[in-house]
Amino acid sequence: MGGAATNSGIDFQSRVGALAMVSMFAELDELTALGAARHSGIESVQFETNDKVDDVALTTRGGRVFVQAKRTISVSKGGDSEFSSVIRQFVHQHITSPGDDAFVLATTSAASSRVTSDLRTLTEAARLNRNHATNPATKNAREVLATTSTLIDLHYAALAGREISDHERSAIFAKIHVQVLDLEDGAPLERAILIALAARGVPSANAAWAELVKLALTLAKDRLSIDRTGLLTRIGPVLTPSADANAEMAAESAMRTALDGDIGVAYEFVLLQDLDGLVVSVFFRFDDNGAKVLHFKSDSVTLPDGTAHTVIARTSSIDGLARILTADPALVEHDVVLDIGRPVLENEEAITQYRSELRQRLSDNSDLLSCLRCSRPVAEDRAPYIEIDEVDEASEVGLIHSACRRPTYRVLGALGGDTLAQNDWLGDFDYGLWLRQIVGGQGMFNDMSAVQRSKRAMVSWNPSRSHLSVGTWGVALVHADGNEHFTTNRGVVESFTKDQAERVAQFMQQELSAAAAAGDPSCVSAETGASGRYSQLLEYFAHEGTPIEIVRAEPRELSRAAINSGRRVENYYAPLLALIDVETNEPFELGDALLLLTDPLRLPDFVANWTAAGADVPTLATAIIRDDAQFDALVAGYALRSVRVVVNALLKRDGSLASGVILAPELLWLQGYSNPFDDDAT
């Protein structure tokens, strides 16, 4: 897996560089998304620099920001470890230029929680307490502090030729910023980037983002820098409205980007017609001999067990299937079962070889803007680009009319549909605010599984009272390896009185004992710290190693360090998109429910769904619910009118709710308050 890991790391570094170029192009003053809120206004971006921190360097109006981009990373004492290398670069840069620069370790949520949680908390504490020693609250945090401090000391002595002082060690620690940037295809931050591009009038946000990622890779390879003028010179045609004449280039860029990622080649997501209804089956594409696992022909597929099934749709990602379901209200009337876990291993060699073949087929397509099936020009919005991969048919890659798409054609993406530049309601959309708030936001929705998002989910809501609590006790869950974490609510550590903490700990201990006695104990995953039963974690987090059992619950007095170390998100619900009826200047309600969205880019899809279900959708403007305080006030206000809030509502043709998250105030929920759309969604 070394090659795949290297490729994904390079892709992540390119995406981080592309994010910096988006900030520079869109002239965003604040750099919170890049982990350097104190700095503002990027003037230039340097790649693979001659500086000691060499991945990405930003020159801003507030100083320099040096970025090390690591898709996954864990804390390690080893002198030759990746973590040690990162610390060495930070130390070397400090010695070379001891000014007030920022050192950003950019990573993803796939990294170890010791980095994304413990190290991040420790470095934030170092900035808040410049003249005081940091006092970690947990064993994990103490180990991370000790390991990082030891590495700083060792590298400083080796590079400077003298022992480090306490003041200088604290200064280096305070310069380090840990930023989680989930920039994968379809991730909320990537979607926010597309919004920012579209709001600047970019004709095709997807194509522009693909070009920026490709440009970042090229600049890194050549160790070059770029400013805003240079950016417009290099790829101006896809960033400016005059890019209409470059539609073919935009189409090729979008398709090539889809093929460059594992999602474009490695996976099969197939919506099947089964005896019991619709089933989404997920497969790796190749077996361990490099042969294709599935065989498609005449709108059907033959599975590895030899059975044949009718195909409703075939895509390269779950998001692609979601778009197809959203566009066809008749499909969302069915319950859809998600079937994962086919015993087929990923074959990296086969994926690499097949990706090269698909790139060649894309290059062989001499008319990218004509339909692969009918040969007529493709000019529709959200035109699918596909791979034809069927028995007895020539393999091709290109665009197709939606009406010409056969169920077995493998959809890689849609061209032009993810741009908001053509929507009237974009005029007042604050894309800069959305980009800032999405980092560390929408914690609850990000934690929901694909299955949960595809169904009606009733969620009990209570306003946050953390700011009103005077309790100084929490409940610590102790792991078998001696580490621990505090219980949280809405992404923050829960605080109780001592008596409350003792009662909660006693109840949780009973639950832990019962789970252990049943042979499926409560555990945490070895790296990211995800919680769940042993069997669940072994299924979804086996790549992290054996889950670690939670052995007991204890009441524990809290400290500020403990509270900070347990914070997982900045906002549990927000940011969310509210819809405003332009004529009445009131929030848009449907079926006695207030409708909100998690993804502004999908608003046209939702409007189409509501209209197909018979709803009279007025001209809409947008407003951003920026934080959980605003969200709580909104939900509480509507609860007083017996109106619920529903997030991401999709309707059946009869107007009843097919899927969505219903935020029900807990009191009304416990009393059995009815669904605003129908009576059976509880």
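Residues numbered from 1 in each chain as written. Predicted model: local features only at pLDDT ≥ 70, side-chain atom pairs only at ≥ 80, totals over all residues. Heavy atoms only, no water.

### Observations concerning the packing of helix 4 (residues 139–160) against helix 5 (residues 166–175)
Orientation of helix 4 relative to helix 5, taken along the N-to-C sense of each, is 115 degrees, at an axis distance of 11 Å. Taken together, the axes of helix 4 and helix 5 are roughly perpendicular relative to one another. Crossing handedness for the pair helix 4 and helix 5: right-handed. Of the residues in helix 5, those touching helix 4 at Leu-145, Thr-148, Ser-149, Ile-152, Asp-153 and Tyr-156 are Glu-168, Arg-169, Ile-172 and Phe-173. (Axes fitted to C-alpha atoms, helices over the stretch in contact; angles between N-to-C directions. Helix = DSSP H or I, 4+ residues; strand = E, 2+ residues; numbered from the N terminus. Parallel < 35°, antiparallel > 145°, perpendicular 65-115°, else oblique. Left-handed = near helix turned anticlockwise from the far one by under 90°. Contact = heavy atoms within 4.5 Å.)

### Structural notes on the sheet that holds strand 18 (residues 484–486)
With respect to topology, five strands assemble into an open sheet ordered 18-17-23-21-22, the strand pairing being antiparallel. Of all strands in the sheet, those bounded by a partner on one side alone are strand 18 and strand 22 (531–533). Going across the sheet, the axis of each strand differs from the next one's by a mean of 45 degrees, ignoring polarity. Of the strand pairs in this sheet, strand 17 (residues 473–479) and strand 23 (residues 548–557) are connected by seven bridges, and their pairing is antiparallel. In the sheet register, Ala-476 faces strand 23, and the bridge partner there is Glu-554. On top of the sheet, helix 17 (residues 498–517) reaches strand 17, strand 21 (522–524), strand 22 and strand 23; it is set at about 170 degrees to strand 23, its chief contact. (Pairing = 2+ DSSP bridges.)

### Here we look at the pairing of strand 11 (residues 308–315)
The pairing of strand 7 (residues 267–274) with strand 11 spans five bridges and is classified as antiparallel. Residue Val-270 lies in a different strand from strand 11, and its bridge partner there is Arg-314. Taken together, the three bridges between strand 10 (residues 300–302) and strand 11 define a ladder with antiparallel strand orientation. Bridged to Thr-302 within strand 11 is Ala-308. Bridge count between strand 11 and strand 15 (residues 410–415): two bridges; the pairing is parallel. Within strand 15, the position partnered with Arg-314 by the bridge is Arg-410.

### Looking at the pairing of strand 2 (residues 56–60)
Two faces belong to every sheet, and in a regular strand the side chains alternate between them. Where burial is concerned, most of strand 2 is hidden: four out of the five residues are buried. Pairing of strand 1 (residues 42–47) with strand 2 involves five bridges; the strand directions are antiparallel. Bridge assignment links Phe-47 to a residue of strand 2, and that residue is Val-56. Judged from the five bridges that link them, strand 2 and strand 3 (residues 63–69) form a sheet pairing that is antiparallel. Among the inter-strand pairings, Val-56 is bridged to a residue of strand 3, identified as Val-67. A loop of two residues connects strand 2 with strand 3, the two strands running antiparallel in sequence. (Buried < 20%, exposed > 50% of the residue type's maximum accessible area, 1.4 Å probe, protein only.)

### Brief notes about helix 14 (residues 431–438)
Structurally, the α-helix is built with 3.6 residues per turn, so residues lying three or four positions apart point the same way. Burial runs high along helix 14: seven of the eight residues are buried. Those residues of helix 14 that fall on the buried side of the exposure criterion are Tyr-431, Gly-432, Leu-433, Trp-434, Leu-435, Gln-437 and Ile-438. Count one or two residues on from helix 14 and you reach Gly-440, which has phi positive near 85 degrees.

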